[in-house]
Amino acid sequence: MSVRTFRTLLLVGVLALLAGCTGPWPQSALHPESDVAANLDRLFQNIFWWAVLVFVVVETLLLYVILRYRDRPDRPHPTQVHGHTTLEIGWTLAPAVILVFIAIPTVRTIFEVDGPPRDDAMVVEVIGKRWWWEFRYPEEGIVTANEATIPVGRTVDWRLRTEDVLHSFWVPRLGGKRDLVSGRENRLWFTPDSTGTYMGQCAEFCGIAHALMGLRVHVVEPDAFEAWVESQRAPAESPEDPLAARGEEYFLNSACIGCHRVRGTHAAGTVGPDLTNMGSRRTIAGGTLGNTPENMARWLRDPQGVKPGNLMPDLGLTDEQIDMLVAYLESLR
Ligand code: CUA
(Lines give C-alpha, C1' and ligand atoms only; values in the text may rest on other atoms or scores of the structure.)
Protein backbone atom coordinates (compact mmCIF):
# COMPACT_ATOMS: atom_id res chain seq x y z
CA MET A 1 0.00 0.00 0.00
CA SER A 2 1.41 3.36 -0.96
CA VAL A 3 1.63 6.15 1.60
CA ARG A 4 -0.98 8.06 -0.36
CA THR A 5 -3.50 5.19 -0.35
CA PHE A 6 -2.88 4.74 3.36
CA ARG A 7 -3.51 8.43 4.03
CA THR A 8 -6.73 8.37 1.99
CA LEU A 9 -7.98 5.31 3.84
CA LEU A 10 -7.12 6.91 7.17
CA LEU A 11 -8.99 10.08 6.23
CA VAL A 12 -12.05 8.14 5.11
CA GLY A 13 -11.97 6.17 8.36
CA VAL A 14 -11.71 9.29 10.52
CA LEU A 15 -14.53 10.99 8.60
CA ALA A 16 -16.73 7.91 9.01
CA LEU A 17 -16.01 7.94 12.76
CA LEU A 18 -16.78 11.66 13.05
CA ALA A 19 -20.02 11.18 11.12
CA GLY A 20 -21.19 8.91 13.91
CA CYS A 21 -20.49 11.53 16.58
CA THR A 22 -23.07 14.08 15.58
CA GLY A 23 -26.78 13.66 15.46
CA PRO A 24 -29.37 12.62 16.17
CA TRP A 25 -29.68 11.89 12.49
CA PRO A 26 -33.27 11.38 11.36
CA GLN A 27 -32.61 7.67 10.93
CA SER A 28 -30.24 7.00 13.80
CA ALA A 29 -30.86 3.82 15.78
CA LEU A 30 -28.62 5.35 18.48
CA HIS A 31 -31.32 7.83 19.52
CA PRO A 32 -34.24 5.55 20.43
CA GLU A 33 -37.74 6.95 20.98
CA SER A 34 -39.70 3.78 21.83
CA ASP A 35 -39.51 0.95 24.35
CA VAL A 36 -38.36 -1.58 21.75
CA ALA A 37 -35.79 0.77 20.18
CA ALA A 38 -34.43 1.59 23.66
CA ASN A 39 -34.17 -2.11 24.43
CA LEU A 40 -32.24 -2.76 21.20
CA ASP A 41 -30.01 0.24 21.89
CA ARG A 42 -29.19 -1.07 25.40
CA LEU A 43 -28.19 -4.40 23.90
CA PHE A 44 -26.02 -2.66 21.32
CA GLN A 45 -24.29 -0.49 23.95
CA ASN A 46 -23.71 -3.52 26.15
CA ILE A 47 -22.07 -5.57 23.38
CA PHE A 48 -20.22 -2.55 22.01
CA TRP A 49 -18.40 -1.91 25.30
CA TRP A 50 -17.50 -5.60 25.70
CA ALA A 51 -16.08 -5.45 22.17
CA VAL A 52 -14.10 -2.32 23.08
CA LEU A 53 -12.65 -4.15 26.10
CA VAL A 54 -11.66 -7.15 23.96
CA PHE A 55 -10.12 -4.83 21.36
CA VAL A 56 -8.05 -2.95 23.92
CA VAL A 57 -6.78 -6.14 25.62
CA VAL A 58 -5.91 -7.88 22.35
CA GLU A 59 -4.25 -4.83 20.79
CA THR A 60 -2.25 -4.12 23.95
CA LEU A 61 -0.93 -7.68 24.05
CA LEU A 62 -0.20 -7.56 20.34
CA LEU A 63 1.75 -4.30 20.56
CA TYR A 64 3.64 -5.55 23.60
CA VAL A 65 4.71 -8.74 21.80
CA ILE A 66 5.63 -6.89 18.59
CA LEU A 67 7.81 -4.38 20.42
CA ARG A 68 9.26 -6.58 23.15
CA TYR A 69 10.25 -9.46 20.87
CA ARG A 70 11.14 -7.60 17.70
CA ASP A 71 14.26 -8.63 15.84
CA ARG A 72 17.40 -6.76 16.82
CA PRO A 73 21.04 -7.17 15.76
CA ASP A 74 22.83 -9.88 17.69
CA ARG A 75 19.56 -11.41 18.88
CA PRO A 76 19.87 -15.21 19.03
CA HIS A 77 17.10 -17.32 17.45
CA PRO A 78 14.23 -17.81 19.91
CA THR A 79 13.60 -21.24 21.40
CA GLN A 80 11.41 -23.29 19.03
CA VAL A 81 8.22 -24.67 20.64
CA HIS A 82 5.53 -27.06 19.42
CA GLY A 83 2.24 -26.35 21.15
CA HIS A 84 1.50 -24.96 24.60
CA THR A 85 -1.45 -26.76 26.20
CA THR A 86 -2.26 -24.17 28.87
CA LEU A 87 -2.17 -21.33 26.35
CA GLU A 88 -4.34 -23.24 23.88
CA ILE A 89 -6.97 -24.07 26.51
CA GLY A 90 -6.85 -20.41 27.57
CA TRP A 91 -7.48 -18.93 24.15
CA THR A 92 -10.28 -21.41 23.48
CA LEU A 93 -12.03 -20.75 26.77
CA ALA A 94 -11.73 -16.95 26.68
CA PRO A 95 -13.81 -16.49 23.48
CA ALA A 96 -16.35 -19.03 24.78
CA VAL A 97 -16.80 -16.98 27.95
CA ILE A 98 -17.08 -13.79 25.90
CA LEU A 99 -19.77 -15.42 23.72
CA VAL A 100 -21.75 -16.32 26.84
CA PHE A 101 -21.57 -12.67 27.96
CA ILE A 102 -22.97 -11.65 24.58
CA ALA A 103 -25.53 -14.44 24.27
CA ILE A 104 -27.33 -13.92 27.59
CA PRO A 105 -28.47 -10.31 26.99
CA THR A 106 -29.07 -11.01 23.27
CA VAL A 107 -31.40 -13.95 23.87
CA ARG A 108 -33.20 -12.04 26.65
CA THR A 109 -33.76 -9.06 24.33
CA ILE A 110 -34.98 -11.29 21.49
CA PHE A 111 -37.64 -12.77 23.78
CA GLU A 112 -38.63 -9.33 25.07
CA VAL A 113 -39.08 -7.65 21.69
CA ASP A 114 -40.44 -10.71 19.89
CA GLY A 115 -43.14 -11.57 22.41
CA PRO A 116 -46.76 -10.68 21.68
CA PRO A 117 -47.77 -7.02 22.06
CA ARG A 118 -50.06 -5.88 24.86
CA ASP A 119 -53.76 -6.71 24.44
CA ASP A 120 -54.84 -3.08 24.00
CA ALA A 121 -52.36 -2.50 21.17
CA MET A 122 -53.63 -0.58 18.16
CA VAL A 123 -53.44 -2.57 14.92
CA VAL A 124 -51.92 -0.91 11.86
CA GLU A 125 -51.57 -3.01 8.73
CA VAL A 126 -48.54 -2.23 6.58
CA ILE A 127 -48.64 -3.33 2.97
CA GLY A 128 -45.44 -3.02 0.99
CA LYS A 129 -45.83 -2.11 -2.66
CA ARG A 130 -43.42 -1.17 -5.44
CA TRP A 131 -42.33 1.36 -4.17
CA TRP A 132 -44.48 2.84 -1.46
CA TRP A 133 -46.26 1.91 1.74
CA GLU A 134 -49.94 1.51 2.41
CA PHE A 135 -51.12 1.88 6.02
CA ARG A 136 -54.53 0.52 7.01
CA TYR A 137 -56.16 1.08 10.37
CA PRO A 138 -58.84 -1.65 10.45
CA GLU A 139 -60.42 -0.53 13.75
CA GLU A 140 -60.55 3.11 12.69
CA GLY A 141 -61.49 2.38 9.06
CA ILE A 142 -58.66 4.42 7.56
CA VAL A 143 -56.37 3.82 4.60
CA THR A 144 -53.42 6.09 3.93
CA ALA A 145 -50.02 5.98 2.26
CA ASN A 146 -46.39 6.54 3.18
CA GLU A 147 -47.12 8.49 6.37
CA ALA A 148 -48.55 6.77 9.43
CA THR A 149 -49.88 8.74 12.38
CA ILE A 150 -49.94 7.06 15.79
CA PRO A 151 -50.61 8.25 19.35
CA VAL A 152 -47.74 8.62 21.82
CA GLY A 153 -47.64 6.11 24.68
CA ARG A 154 -49.85 3.52 23.00
CA THR A 155 -48.48 0.22 21.73
CA VAL A 156 -48.88 -0.23 18.00
CA ASP A 157 -49.14 -3.76 16.61
CA TRP A 158 -47.84 -3.49 13.05
CA ARG A 159 -49.01 -6.32 10.77
CA LEU A 160 -46.66 -6.51 7.85
CA ARG A 161 -47.29 -8.04 4.46
CA THR A 162 -46.35 -7.36 0.88
CA GLU A 163 -48.32 -7.24 -2.30
CA ASP A 164 -45.38 -8.00 -4.56
CA VAL A 165 -41.72 -8.50 -3.68
CA LEU A 166 -39.80 -8.51 -0.38
CA HIS A 167 -39.63 -5.22 1.49
CA SER A 168 -38.49 -4.40 5.02
CA PHE A 169 -40.13 -2.01 7.47
CA TRP A 170 -37.62 0.04 9.42
CA VAL A 171 -38.05 3.22 11.44
CA PRO A 172 -34.68 3.23 13.21
CA ARG A 173 -35.60 5.50 16.11
CA LEU A 174 -38.80 3.55 16.85
CA GLY A 175 -38.02 -0.06 15.98
CA GLY A 176 -37.71 -2.68 13.32
CA LYS A 177 -36.42 -3.83 11.03
CA ARG A 178 -38.74 -6.60 9.92
CA ASP A 179 -39.27 -8.06 6.48
CA LEU A 180 -42.53 -8.03 4.54
CA VAL A 181 -42.63 -11.49 3.03
CA SER A 182 -44.90 -12.80 0.29
CA GLY A 183 -47.62 -15.15 1.51
CA ARG A 184 -47.30 -14.48 5.23
CA GLU A 185 -47.93 -11.82 7.82
CA ASN A 186 -45.07 -10.70 10.02
CA ARG A 187 -45.59 -8.69 13.18
CA LEU A 188 -43.74 -5.99 14.97
CA TRP A 189 -44.78 -3.81 17.88
CA PHE A 190 -43.45 -0.86 19.83
CA THR A 191 -44.70 1.92 22.07
CA PRO A 192 -43.44 5.37 21.05
CA ASP A 193 -42.50 7.50 24.05
CA SER A 194 -42.19 10.96 22.57
CA THR A 195 -43.98 12.94 19.92
CA GLY A 196 -42.32 13.87 16.64
CA THR A 197 -41.90 12.73 13.08
CA TYR A 198 -39.67 9.73 12.57
CA MET A 199 -38.21 8.76 9.24
CA GLY A 200 -38.13 5.22 7.99
CA GLN A 201 -36.85 3.40 4.98
CA CYS A 202 -37.39 0.15 3.15
CA ALA A 203 -34.43 -1.92 4.27
CA GLU A 204 -34.59 -4.82 1.84
CA PHE A 205 -33.50 -4.38 -1.75
CA CYS A 206 -36.74 -4.56 -3.72
CA GLY A 207 -35.94 -3.20 -7.16
CA ILE A 208 -35.00 -0.05 -8.98
CA ALA A 209 -36.75 2.46 -6.68
CA HIS A 210 -35.82 0.72 -3.41
CA ALA A 211 -33.76 3.70 -2.25
CA LEU A 212 -36.78 5.96 -2.82
CA MET A 213 -39.15 3.88 -0.70
CA GLY A 214 -39.22 6.04 2.39
CA LEU A 215 -41.86 6.42 5.05
CA ARG A 216 -42.70 8.65 7.96
CA VAL A 217 -44.31 7.94 11.29
CA HIS A 218 -45.93 10.94 12.97
CA VAL A 219 -46.22 10.35 16.72
CA VAL A 220 -48.78 12.77 18.16
CA GLU A 221 -50.66 13.42 21.41
CA PRO A 222 -53.78 11.22 21.88
CA ASP A 223 -56.16 14.20 21.29
CA ALA A 224 -54.39 15.08 18.05
CA PHE A 225 -54.60 11.43 17.02
CA GLU A 226 -58.39 11.39 17.57
CA ALA A 227 -58.72 14.57 15.51
CA TRP A 228 -56.57 13.05 12.77
CA VAL A 229 -58.74 9.91 12.70
CA GLU A 230 -61.87 12.05 12.35
CA SER A 231 -60.40 14.06 9.49
CA GLN A 232 -59.19 10.93 7.71
CA ARG A 233 -62.54 9.21 8.03
CA ALA A 234 -64.51 12.02 6.44
CA PRO A 235 -65.11 11.59 2.70
CA ALA A 236 -63.42 14.09 0.42
CA GLU A 237 -65.41 17.27 -0.22
CA SER A 238 -65.66 18.87 -3.64
CA PRO A 239 -63.38 21.91 -3.71
CA GLU A 240 -64.82 25.43 -3.90
CA ASP A 241 -61.85 26.94 -5.71
CA PRO A 242 -62.75 27.02 -9.45
CA LEU A 243 -59.37 25.72 -10.63
CA ALA A 244 -59.45 22.84 -8.12
CA ALA A 245 -63.07 22.09 -9.12
CA ARG A 246 -62.00 21.77 -12.74
CA GLY A 247 -59.17 19.55 -11.55
CA GLU A 248 -61.67 17.32 -9.76
CA GLU A 249 -63.78 17.03 -12.88
CA TYR A 250 -60.75 16.15 -14.97
CA PHE A 251 -59.49 13.67 -12.37
CA LEU A 252 -62.81 11.84 -12.11
CA ASN A 253 -63.03 11.47 -15.90
CA SER A 254 -59.45 10.44 -16.57
CA ALA A 255 -57.23 7.39 -16.26
CA CYS A 256 -56.30 8.51 -12.70
CA ILE A 257 -59.30 6.70 -11.20
CA GLY A 258 -58.10 3.37 -12.57
CA CYS A 259 -55.34 3.37 -9.95
CA HIS A 260 -56.32 5.84 -7.22
CA ARG A 261 -59.11 6.09 -4.72
CA VAL A 262 -60.69 9.23 -3.32
CA ARG A 263 -63.35 8.39 -0.75
CA GLY A 264 -66.66 10.12 -1.44
CA THR A 265 -66.16 9.95 -5.22
CA HIS A 266 -66.33 7.14 -7.77
CA ALA A 267 -62.52 6.99 -7.95
CA ALA A 268 -61.88 3.56 -6.46
CA GLY A 269 -58.58 2.30 -7.88
CA THR A 270 -56.30 0.36 -5.58
CA VAL A 271 -53.08 0.06 -7.59
CA GLY A 272 -51.69 3.41 -6.42
CA PRO A 273 -51.98 5.27 -3.12
CA ASP A 274 -55.36 6.35 -1.72
CA LEU A 275 -55.49 10.11 -2.37
CA THR A 276 -58.42 11.04 -0.09
CA ASN A 277 -56.20 13.16 2.17
CA MET A 278 -53.34 13.78 -0.23
CA GLY A 279 -53.12 17.49 0.56
CA SER A 280 -52.44 16.83 4.25
CA ARG A 281 -49.39 14.65 3.65
CA ARG A 282 -45.94 16.16 3.96
CA THR A 283 -44.38 14.22 1.13
CA ILE A 284 -45.28 12.68 -2.21
CA ALA A 285 -43.93 9.77 -4.23
CA GLY A 286 -43.03 7.54 -1.30
CA GLY A 287 -41.25 10.29 0.61
CA THR A 288 -39.16 11.29 -2.42
CA LEU A 289 -40.33 14.92 -2.59
CA GLY A 290 -41.84 17.41 -0.15
CA ASN A 291 -45.55 17.97 -0.77
CA THR A 292 -45.56 21.38 -2.47
CA PRO A 293 -47.52 22.48 -5.55
CA GLU A 294 -44.23 22.79 -7.49
CA ASN A 295 -43.17 19.25 -6.63
CA MET A 296 -46.63 17.85 -7.35
CA ALA A 297 -46.51 19.49 -10.78
CA ARG A 298 -43.02 18.06 -11.35
CA TRP A 299 -44.28 14.62 -10.41
CA LEU A 300 -47.32 14.78 -12.70
CA ARG A 301 -45.22 16.09 -15.58
CA ASP A 302 -42.55 13.41 -15.39
CA PRO A 303 -43.15 10.67 -12.81
CA GLN A 304 -40.44 8.44 -14.27
CA GLY A 305 -37.89 11.24 -14.12
CA VAL A 306 -38.59 11.83 -10.41
CA LYS A 307 -38.67 8.17 -9.44
CA PRO A 308 -37.50 5.83 -12.19
CA GLY A 309 -39.30 2.51 -12.37
CA ASN A 310 -42.41 3.47 -10.40
CA LEU A 311 -45.77 2.30 -11.69
CA MET A 312 -47.23 5.77 -12.38
CA PRO A 313 -47.30 6.24 -16.16
CA ASP A 314 -46.50 9.49 -17.92
CA LEU A 315 -50.01 10.59 -18.89
CA GLY A 316 -48.79 13.30 -21.27
CA LEU A 317 -50.64 16.00 -19.32
CA THR A 318 -50.65 19.58 -20.58
CA ASP A 319 -49.51 22.42 -18.30
CA GLU A 320 -53.12 23.47 -17.88
CA GLN A 321 -54.22 19.98 -16.85
CA ILE A 322 -51.31 19.78 -14.43
CA ASP A 323 -52.28 23.11 -12.80
CA MET A 324 -55.86 21.92 -12.35
CA LEU A 325 -54.82 18.56 -10.92
CA VAL A 326 -52.30 20.12 -8.53
CA ALA A 327 -55.00 22.51 -7.23
CA TYR A 328 -57.39 19.57 -6.75
CA LEU A 329 -54.91 17.21 -5.09
CA GLU A 330 -53.67 19.90 -2.70
CA SER A 331 -57.31 20.65 -1.76
CA LEU A 332 -57.82 17.07 -0.52
CA ARG A 333 -57.22 17.41 3.20
CU1 CUA B 1 -39.13 -1.93 -0.74
CU2 CUA B 1 -36.74 -1.91 -0.73
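The structure this text deals with has already been given above.
Please read all numbers here as calculations on a predicted model, not as lab measurements. (Residues numbered from 1 in each chain as written. Predicted model: local features only at pLDDT ≥ 70, side-chain atom pairs only at ≥ 80, totals over all residues. Heavy atoms only, no water.)

Undergrad: Is there a simple way to think about the sheet that holds strand β4 (residues 147–151) in this case?
TA: Sheets are built from strands that pair by backbone hydrogen bonding, the pairs being arranged parallel or antiparallel. As summarised here, the arrangement of the three strands in space is β4-β10-β9, forming an open sheet in which the pairing is mixed. In this open sheet, the two edge strands, each paired with only one partner strand, are β4 and β9 (196–201). Taking the axes of each pair of neighbouring strands and ignoring which way they run, one obtains an average angle of 25° across the sheet. Relative to strand β10 (residues 214–220), β4 is paired through five bridges, and the arrangement is parallel. (Pairing = 2+ DSSP bridges. Helix = DSSP H or I, 4+ residues; strand = E, 2+ residues; numbered from the N terminus. Axes fitted to C-alpha atoms, helices over the stretch in contact; angles between N-to-C directions.)

Undergrad: How should the side chain of asparagine 295 be read in this particular structure?
TA: Tracing the chain through its elements places asparagine 295 in helix α6 (residues 293–301). What asparagine 295 contacts, discounting residues up to four positions off in sequence, is Ile284, Leu289 and Gly290. (Contact = heavy atoms within 4.5 Å.)

Undergrad: I keep staring at the packing of aromatic side chains and nothing clicks. Help me out?
TA: Two aromatic rings are characterised by how far apart their centres lie and by the angle between their planes. Applying the stated criterion to the full structure yields ten aromatic pairs. Consider the rings of tryptophan 158 and phenylalanine 169, whose centres lie 5.1 Å apart with planes at 40°: the pair is tilted. Placement of tryptophan 158 in strand β5 (residues 156–162) and of phenylalanine 169 in strand β6 (residues 167–171) is noted, with a sequence separation of eleven residues between them. Exposure class is identical for tryptophan 158 and phenylalanine 169. Each is buried. Here the aromatic cluster, defined as three or more aromatic residues joined through ring pairs, consists of Trp133, Phe135, Trp158, Phe169 and Phe190. The ring of tyrosine 69 carries the charged tip of arginine 68 above its face, separated from the ring centre by 5.1 Å. Between arginine 130 and the ring centre of tryptophan 131, over which it is positioned, the NZ or CZ distance is 5.8 Å. (Phe/Tyr/Trp six-rings, centres within 6.5 Å; stacked < 30°, edge-to-face > 60°. Buried < 20%, exposed > 50% of the residue type's maximum accessible area, 1.4 Å probe, protein only. Lys NZ or Arg CZ within 6 Å of the ring centre and 35° of its normal.)

Undergrad: It is not clear to me how a positive patch on the surface should be interpreted in this structure. Could you clarify?
TA: Taken together, the side chains of Arg68, Arg70, Arg72 and Arg75 make up a positively charged region of the molecular surface. Among the structural elements, arginine 70 can be located in the loop between α2 (35–68) and α3 (85–114). Accessibility expressed as a relative area gives 40% for arginine 70, which makes it partly exposed. (Patch = residues over 30% accessible without salt bridge, like charges linked within 9 Å, V, L, I, M, F, W, Y side chains within 5 Å. Areas by Shrake-Rupley, 256 points an atom, 1.4 Å probe, with all protein chains shown as cover. Salt bridge = Lys/Arg side-chain N within 4 Å of Asp/Glu carboxyl O. Lys, Arg positive; Asp, Glu negative; His and termini not counted. Charge placed at Lys NZ, Arg CZ, Asp CG, Glu CD.)

Undergrad: Mind showing me how you'd approach the packing of α2 against α3 here?
TA: To describe two helices that pack against each other, one gives the angle between their axes and the distance between the axes. It is the contact of α2 with α3, at a shortest axis distance of 10 Å, that shows an interaxial angle of 175°. Taken together, the axis directions place α2 and α3 in an arrangement best described as roughly antiparallel. Note on element contacts: α3 touches α2 through Ile98, Phe101, Ile102, Pro105, Thr106, Thr109, Glu112 and Val113, opposite Val36, Asn39, Leu40, Leu43, Asn46, Ile47, Trp50 and Val54. Here the residues of the contact of α2 with α3 are counted per class, giving eleven nonpolar, four polar and one charged. (Parallel < 35°, antiparallel > 145°, perpendicular 65-115°, else oblique. Nonpolar A, V, L, I, M, F, W, Y, C, P; charged D, E, K, R; others polar.)

Undergrad: Could you clarify how one ought to interpret the environment of aspartate 164 in this entry?
TA: Turning to its location among the elements, aspartate 164 is positioned in the loop between β5 and β6. A C-alpha to C-alpha distance of 15 Å links aspartate 164 and asparagine 186, two positions 22 residues apart in sequence. Those residues in contact with aspartate 164 that sit more than four places away from it in its chain are Gly128, Lys129, Arg130 and Ser182.

By themselves, these observations are geometric and do not establish any function.
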